[in-house]
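Chain by chain, the residues run as shown.
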Amino acid sequence: MDPSSQTNGFIFVRIQGGFHEIRNSICDVVVVSRLLNATLVIPEIQSTTRSKGISSEFKSFAYLYNEDQFMAALTKDVNIVRTLPKNLKWARRKKEIPSFKVRYSASPYYYLNQVLLVLKKHLVVELVVSEGGCLQAILPPELEHQEELQRLRCRVAFHALRFRQEVHELATKVLSRLWAPGRPFIAYDPGMTSEALAYHGCAELFQDVHTELIQHKRSWMIKRGIVEEKLSVNSAKRRLGGSCPLMPEEIGILLRSYGYSWDTIIYVSGGEVFGGQRTLLPLHAMFENVVDKTSLTTPWELSRLYGREVNLISSYPKNPPPIEKKIKYESWKTEGPRPRPLPPPPARPKSYNVEGWWGWVAESDNEPESTVMELRTNAHKLLWEAIDYVICVEADVFITGFDFDGKGHPNFASLVMGHRLYQSAALKTYRPDRKEVAKLLEEIHDHLYQANHTWLKSVRKHMRQRLLDGLMEASTKSKPLSFLSHPIPECSCLRYDSKETSFHASSPSTQSQVEAALGVAHQCPAWMDSDLILHSKDKDNEEDLDEDDSTSSGLFFRNSGESHESGGGESNNKEEAQLNDLEELEGGER
C-alpha cells in the first residue's frame, strides 16, 4: 500500500513509558497513521525529553532510534515528517490543537469513528500514549487491509526501528566479546521488577524491606485502579499458580538439570533485578561466567552513548549560605516565658534514595517527584535496555523468568521472544511453564540440590516440550495483548535453507515441528538475510537424555576443589557426562 499524496492531516504523538512500552507504541501509531491516511510526525519520547539533564546532541526519538532509517524504511507505507509546520507547532505550544489520551489496546474503529472526524476538521491531532500500545493486537478480520496492517507492524518493529549508531556499535562489541570464547551463550531476562512483583502479589517471596516496598507499590496500584484485588494475598499460592517470576536460583537449577555445565556463559539482561545482587548469588554459585553489560563494557564506552551532559553534581563542596541574623529587641523583650521553643527544622532536601525504606514509604502514599538526576537515569535505562535487546535477540539461547510487566501486559522478554520467532522459528528460546516448574521444585524442596534421576528426566522433558508448547501458549495468551510478542503467522517466512541451521538454533527436527505448527511456509526475500548474524552451520541430532544415569551429586554446584583446567574424580566425570549430553542435545561445539 502506497500512502496517497493527499493526507487527512498530521498526527503528533507523545509516548510515555519504558523501553518495551515505547517500542510497542511506535509500531501502533504508524499503523494508526496508515489507517487514517495521516502524516505522522516522528513521535516524541517523553522519558527523555522531560529531563533537562539529557545531552542536547539528541532530541527525543533520536536519543534511542535512527530517525533517517525510520523514515526511509517506511517511505512507501506512511508519510512521515520530522516536525509540525510552523503554524501548527505554534498552535500546539498554545495548546490549541485537539488532544486524545488513548487507552491501551484501542479498537481501530475508535480512530475511524472519533479521531478521524476531528483530524479532518482541525488538520492535526495529538495522541498521548502511556500504556504501551494504542491499538488492539489482533485486528478485526472484517477490517479493510487487515493482514497488510499487521505486516506493517512487523516492518516497523523489525526493519524500521534501528537503534542509533552508537548503541548499535556498542551492542555489536558486547556480542563479539560474548562469542570470543568460541562457544554459545545464554541470555537470561529475570523480569523481576518491583511493578511486576507488586501487580501479581509476590511480595512474600522476599524479606524485610523488600516485602514492604512491594506492598507499598501494590497499595499505590490499588488506589489508582491498576490492581483490583486486596492488598495482602498468599504469595506462596500465587507462585504455585505460576503468577510470580521464577527466581534466578530456580532458573539456574533448570539449566543445570538440563545439562548446561558450570562454565556456560550466562548474560543477565534487564535494567532492574529487584532485590539486587543478593538474589543473583545462587546463579553465580551454579555458573562461573555470569555477566552483564557493566562487566563487558567500560565506563568510557557507556558514557559515549549519553553524549555531553551537564554536570548536575558539582565535585567541589559549597559552603552553606550565611545566615542573616535579625535581632528584634522589642519583640524579644515582650516574648513569652523562657526557654523559648526551637524553630521548626528546615525542609529536608530531596537527596535520599527514592526506592529506600527510609524515604517516602513511611511518609506519603504518593511517590515524590523525580529529580533531574533520576530522569537522566531513566533515560539511560532506555539505552541499556536497547543493548540488552540486541544481545538477547542474537543470543544462542534465550530464557526468561517472567513475561509480563507491572500492568499484566507483555514485557521486554515478550518482545525479544517475538523478534527471535520472526527472525527464525528455529532459534532456541525456552519458555518454562512457571506453574509446572514450581510443582517440580516443590517435589525436591527438602533436598533441592540433590535431585534424583527421575526428577532430572522430568525437567529435561519439560524443557524440551516447552520449545514448542510455549509457542502455542504464547499465541493464545500473549498475542491478544501484544502482536509483537507473537507476530506469527502474519509475518512468517523462512530465513534459512532447510538443510542449514546456525549452531545456536534448535535441531532440524525441532525446527521442522515449529515451522509446521506455526504455518511457516514461504521463503523470505533475499535482502532480509543480509543482516542476520551466523557463526557456523552444523548438523545436529537431538537425542533423549533419559538414558543418562548421572545423579545430581555435584550437579548444580562445582566442587570447590575442582580445577578450572583439569580435575579428575567422580564430580568431574559427571560434569563431562552432562557436557556430552548437552552437545548431543544442542548439536553445537562447546
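All figures in this text were calculated on a predicted structure; none of them were measured in a lab. (Residues numbered from 1 in each chain as written. Predicted model: local features only at pLDDT ≥ 70, side-chain atom pairs only at ≥ 80, totals over all residues. Heavy atoms only, no water.)

## Quick notes on the overall build of the chain
Part 1 of the argument: In terms of helices and strands, the chain carries 22 helices and 11 strands.
Part 2 of the argument: The burial tally for the chain puts 52% of its 590 residues in the buried class.
Part 3 of the argument: Long-range pairs, those at least 24 residues apart, make up 80% of the contacts in the chain with a sequence separation of at least 6.
Part 4 of the argument: Here the chain displays about 28500 Å² of accessible surface, and carbon together with sulfur accounts for 51% of that area. (Helix = DSSP H or I, 4+ residues; strand = E, 2+ residues; numbered from the N terminus. Buried < 20%, exposed > 50% of the residue type's maximum accessible area, 1.4 Å probe, protein only. Contact = heavy atoms within 4.5 Å. Areas by Shrake-Rupley, 256 points an atom, 1.4 Å probe, with all protein chains shown as cover.)

## What about the state of the cysteines?
Part 1 of the argument: Inspection of the entire model under this criterion finds two disulfides.
Part 2 of the argument: Note on cysteine connectivity: Cys202 is disulfide-linked to Cys244, with sulfurs 2.1 Å apart. Looking down the S-S bond of the Cys202 and Cys244 bridge, the torsion is -100 degrees, so its handedness is left-handed. Pair noted here: Cys202 is in the loop between α9 (194-200) and α10 (208-223) and Cys244 is in the loop between α11 (235-240) and α12 (248-258), with a separation of 42 residues, a long-range link. Taken as a pair, Cys202 and Cys244 share a single burial class, namely buried. (Disulfide = S-S within 2.5 Å.)

## A word on the packing of helix α1 (residues 19-35) against helix α7 (residues 146-160)
Any two packed helices are characterised by how steeply their axes cross, that is the angle between the axes, and by the distance between the axes.
Part 1 of the argument: Contact geometry for α1 and α7: axes closest at 9 Å, N-to-C directions at 135 degrees. Overall, the two elements α1 and α7 adopt an arrangement that is oblique. Two packed elements cross with a definite hand, and for α1 against α7 that hand is right-handed. In contact with Arg23, Ile26, Cys27, Asp28, Val30, Val31, Arg34 and Leu35 of α1, α7 contributes Leu149, Leu152, Arg153, Val156 and Ala157.
Part 2 of the argument: Residues belonging to the contact of α1 with α7 are distributed by class as follows: nine nonpolar, no polar and four charged. (Axes fitted to C-alpha atoms, helices over the stretch in contact; angles between N-to-C directions. Parallel < 35°, antiparallel > 145°, perpendicular 65-115°, else oblique. Left-handed = near helix turned anticlockwise from the far one by under 90°. Nonpolar A, V, L, I, M, F, W, Y, C, P; charged D, E, K, R; others polar.)

## Things to note about the pairing of strand β7 (residues 185-189)
Part 1 of the argument: Along β7, five of the five residues are buried, which leaves the element largely enclosed by surrounding structure.
Part 2 of the argument: Taking every second residue as pointing to the same face, both faces of β7 are buried, with Phe185, Ala187 and Asp189 on one and Ile186 and Tyr188 on the other.
Part 3 of the argument: Relative to strand β8 (residues 265-268), β7 runs parallel, the two being bridged by four bridges. Counted as the bridge partner of Ala187 is Tyr267 from β8.
Part 4 of the argument: As defined by bridge partners, β7 adjoins strand β10 (residues 397-400) across four bridges and the pair is classed as parallel. When the bridges of β10 are listed, Ala187 appears paired with Phe398. (Pairing = 2+ DSSP bridges.)

## Topic: the packing of aromatic side chains
Part 1 of the argument: Within the structure shown, the criterion is met by 15 aromatic pairs.
Part 2 of the argument: Between Phe19 and Tyr389 the ring centres are 5.6 Å apart and the planes differ by 50 degrees, which places this aromatic pair in the tilted class. Of this pair, Phe19 sits in helix α1 while Tyr389 is found in helix α17 (residues 372-394), placing the two residues 370 residues apart along the sequence. One exposure class covers both Phe19 and Tyr389, and it is buried.
Part 3 of the argument: Residues Phe158 and Tyr422 carry aromatic rings whose centres are separated by 4.3 Å and whose planes lie at 20 degrees to one another, so their mutual orientation is stacked. Linking Phe158 in helix α7 with Tyr422 in helix α18 (residues 412-423), this pair joins segments that are 264 residues apart in sequence.
Part 4 of the argument: Take Tyr422: its relative accessible area is 8%, and that puts it in the buried class.
Part 5 of the argument: Aromatic ring contacts, followed pair by pair, group Phe19, Phe61, Tyr65, Phe70, Phe163, Tyr389 and Phe412 into a single cluster. (Phe/Tyr/Trp six-rings, centres within 6.5 Å; stacked < 30°, edge-to-face > 60°.)

## Topic: the environment of Ile45
Part 1 of the argument: Topologically, Ile45 is positioned in strand β3 (residues 44-45).
Part 2 of the argument: Taking relative accessible area as the criterion, Ile45 reaches 0% and is therefore assigned buried.
Part 3 of the argument: Counting along the chain gives 30 residues from Ile45 to Ile15, while the straight-line C-alpha distance between them is 5.1 Å.
Part 4 of the argument: Filtering out sequence-adjacent residues up to four positions away, Ile45 remains in contact with Ile15, Ile22, Ser60, Phe61 and Leu382.

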